[in-house]
Amino acid sequence: MESTVSRKDVIVIGGPTASGKTALSVELAKRINGQIISADSMQIYKEMNIGTAKVTKEEMQGIKHYMIDIVSPNERYSVADFKNDAENAIEEIIKNGYTPIIVGGTGLYVNSLIYNINYPELEFDKEYRDYLEERADKEGLETLYKEAEEIDKEAAQKISVNDRKRILRILEIYKQTGKTKTQLEIESRSVPPKYNYKVFAINYDRQKLYDRINLRVDKMLEEGLIQEVENIKNKYSDFPTAMQGLGYKEVVEYLKEEISYEEMVEKIKQESRRYAKRQITWFKAIPNIIWLNAEDGVNKNIEIILEETNWKKR
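Criteria and cut-off values
- Residues numbered from 1 in each chain as written.
- Predicted model: local features only at pLDDT ≥ 70, side-chain atom pairs only at ≥ 80, totals over all residues.
- Heavy atoms only, no water.
- Helix = DSSP H or I, 4+ residues; strand = E, 2+ residues; numbered from the N terminus.
- Rg over C-alpha atoms; globule rule 2.2 N^0.38 Å.
- Buried < 20%, exposed > 50% of the residue type's maximum accessible area, 1.4 Å probe, protein only.
- Contact = heavy atoms within 4.5 Å.
- Areas by Shrake-Rupley, 256 points an atom, 1.4 Å probe, with all protein chains shown as cover.
- Lys, Arg positive; Asp, Glu negative; His and termini not counted.
- Charge placed at Lys NZ, Arg CZ, Asp CG, Glu CD.
- Core = buried A, V, L, I, M, F, W, Y, C linked by side-chain atoms within 4.5 Å.
- Salt bridge = Lys/Arg side-chain N within 4 Å of Asp/Glu carboxyl O.
- Pairing = 2+ DSSP bridges.
- Axes fitted to C-alpha atoms, helices over the stretch in contact; angles between N-to-C directions.

### Observations concerning the overall build of the chain
If you tally the helices and strands in the chain, you get 14 helices and 6 strands. Its C-alpha atoms give the chain a radius of gyration of 20 Å, near enough to 20 Å, the size a compact globule of 314 residues would have. Oriented by its inertia axes, the alpha-carbon framework of the chain measures out at about 65 × 45 × 35 Å. In the chain, buried positions account for 52% of the 314 residues. Long-range contacts, defined as pairs at least 24 residues apart, comprise 75% of the intrachain contacts of the chain with a sequence gap of at least 6. A total of about 15700 Å² of accessible surface is found on the chain, and carbon and sulfur atoms cover 45% of it. Separation between the mean location of the 49 positive side-chain charges and that of the 54 negative ones in the chain comes to 5 Å.

### With respect to the nonpolar core
Residues Ile37, Tyr197 and Leu225 are the most contacted members of the largest nonpolar core, which totals 54 residues. The set of elements that each furnish at least two residues to this core consists of strand 1 (9-14), helix 3 (79-95), helix 4 (107-114), strand 5 (196-203), helix 10 (206-223), helix 11 (225-235), helix 12 (248-255) and helix 13 (261-284). Top contributing element to this core by residue count: helix 3, with 7 residues.

### Description of the side chain of Ser25
Secondary-structure assignment places Ser25 in helix 1 (residues 21-32). Once you skip the residues sitting within four places of it in the chain, Ser25 turns out to touch Ile13, Ile36, Ile101 and Val103.

### Quick notes on the pattern of salt bridges
In this structure the tally under the stated criterion is 28 salt bridges. With a shortest N-O distance of 2.5 Å, Arg135 and Glu147 are connected by a salt bridge. Pair noted here: Arg135 is in helix 5 (residues 126-139) and Glu147 is in helix 6 (residues 141-151), with a separation of 12 residues, a long-range link. In this structure Glu147 comes out as partly exposed when scored by relative accessible area, which is 27%.

### Looking at the environment of Glu87
One can find Glu87 in helix 3. When its relative accessible area of 8% is taken as the criterion, Glu87 is described as buried. Sequence spacing of Glu87 and Glu295 is 208 residues, and the spatial spacing of their C-alpha atoms is 32 Å. With near-sequence residues (within four places) excluded, Glu87 lies in contact with Leu113, Asn116, Lys194 and Tyr195.

### Overview of the environment of Lys277
Here Lys277 is to be found in helix 13. The spatial distance from the C-alpha of Lys277 to the C-alpha of Leu292 is 16 Å, given a sequence separation of 15 residues. Ignoring anything within four residues of it in the chain, the contact list for Lys277 reads Arg206 and Tyr210.

### Brief notes about the sheet that holds strand 2 (residues 34-38)
Strand order in the open sheet made by the 6 strands is 3-2-4-1-5-6, with parallel pairing throughout. A strand with exactly one partner marks an edge of an open sheet, and here the two such strands are strand 3 (65-66) and strand 6 (290-293). Examined bridge by bridge, strand 5 and strand 6 share 4 bridges and lie parallel to one another. Residue pairing across strands places Asn203 opposite Asn293, the latter belonging to strand 6. Of the strands in this sheet, strand 1, strand 4 (99-103) and strand 5 touch helix 4, which is tilted by about 155 degrees from strand 5.

In C-alpha cells:
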C-alpha cells in the first residue's frame, strides 16, 4: 500500500523540561534515518552547556543535530532568526535523504514553524531598549510586565513575570509597529506552513517530573554550573539575553551576593518547575497534538509515532 504521507513530513517532539525528549528523539532518529533540529532557545548558545542540559556527543549517538552551539552568549538571536535557520536545516536534511525531527521545549520556536509565523523585520532600537532596561532595574520587572499585560494580555500570559527578554519584546514590538505581538502573529498565520508538521509531546506525572527537575538542578550544580556562569561573565562584557536564561540569572544573583547559595538552589528549582508547567499549558494549546506517556517507555512511544505518521506504510 502506498504511503499517504508526503516526503515533506516533519516530526515534532515537544514537552516540558526533563521529560526525556532527547532520549526519545535519538532512538527515533536511529529507527527512521532521521536527523534532529533543536528547538531550544538556550542550547543555541556556545559555552552554555551545563545550565542548558545540552545534549552531549555521547547522547547524540552519532545522530546529526542542528541548531546547537550556533551563537555566542553575547549575540542576539530572535525567533525570526530561528525560524529561518530551522527551515534551512529542514531543507538540507530532506535534500540529503533524511527525515527531519524537531525536538525542544521552547514553545515560541515550535509555534513559529508549525503555524508559519512570519515575524516583522524590526530594526533594533538600542535607545528604547536601554530605557526599558533602566526602568526594569529601577522600578522592577513586574512594572514592565504589567504594562506588557495591558498592551497584549494574551502574549503576557504565555510568559513568566521574570522573563525579562520576552517582556521587553512585547513592549518593543508595540512601540515599533503600533500592533500587538499577538495581532501580528494572527496576521502572519494566513499562509500555510511549508511542511506537514506532526506534533507529539511527552506527558509526565507532575510530581515525578518535578522530582526529575529537582535532581537535574542538583546535578547541574555538581557538574559546575556556577563556574560555567563565571567563565562566561569573565569572557564577555555584554550578554544581552543569554544570562537571562533559567538557571543562569539565578547564579548571577548569587555571584552578586543578592541571594544566598540555598536561596539560589531553591529559586532555580522553583522557576524550573514553573517553566515546566507553562510548557505543558503551551503544548496543550496546539490542535491535534498527540501526547505520549513518558512512563510507557521509549520503545512504545516510538511505535506510537510510527503508527501516527504512517511510517510503517512507507
